[in-house]
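Here are the chains, one letter per residue:
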Amino acid sequence: MKNGAASELALRVIHKPTGKPVEGVVLFRTRLDMSPDSMGEMTAKHAAQPSSEPGVYKFRADLTMAGRWALKLMAKVPGEKETLEATVVFEAK
Ligand SMILES: [Cu+2]
């Protein structure tokens, strides 16, 4: 990931048993922070963006510092009763 404003984040959701992309996922209560680098209070503005690729969910994020960031999210996934939680860690350079 590029450090800076309007960085593009793409998240791929895959059904593990089949390896197929999962469409129709609703991602909500997302949080982007630097908890992997012990700066959990440092958050970044981000917004969902349209995506034309099946199973790929995009965000645009205003990153303000190089280092490791965590995208934390809750998801409603078709076919799953429970709300799923996930954390994706990436590095901004
Ligand atoms: Cu930081």
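Description of the structure in this document.

Before going further, it helps to spend a moment on the sheet that holds strand β8 (residues 67-76). With antiparallel pairing, the four strands of this open sheet are ordered in space as β5-β4-β8-β9. Edge positions in the sheet fall to β5 (39-43) and β9 (84-92), since each of these pairs with one other strand and no more. Each strand axis lies, on average, 35° off the axis of its neighbour in the sheet, ignoring direction. Here strand β4 (residues 26-34) runs beside β8; their pairing, made up of six bridges, is antiparallel. Paired with Arg-31 across the strands is Lys-72, a residue of β8.

Under the defined criterion, the tally for this structure stands at five salt bridges. Across the salt bridge formed by Arg-60 and Glu-8, the nearest N and O atoms sit 3.0 Å from each other. With a gap of 52 residues between them, Arg-60 in strand β7 (residues 56-61) and Glu-8 in strand β1 (residues 7-12) connect regions that are remote in the sequence. A salt bridge links Asp-33 to Lys-72; its shortest N-O distance comes to 3.2 Å.

Scoring rules and cut-offs
- Residues numbered from 1 in each chain as written.
- Predicted model: local features only at pLDDT ≥ 70, side-chain atom pairs only at ≥ 80, totals over all residues.
- Heavy atoms only, no water.
- Pairing = 2+ DSSP bridges.
- Helix = DSSP H or I, 4+ residues; strand = E, 2+ residues; numbered from the N terminus.
- Axes fitted to C-alpha atoms, helices over the stretch in contact; angles between N-to-C directions.
- Salt bridge = Lys/Arg side-chain N within 4 Å of Asp/Glu carboxyl O.

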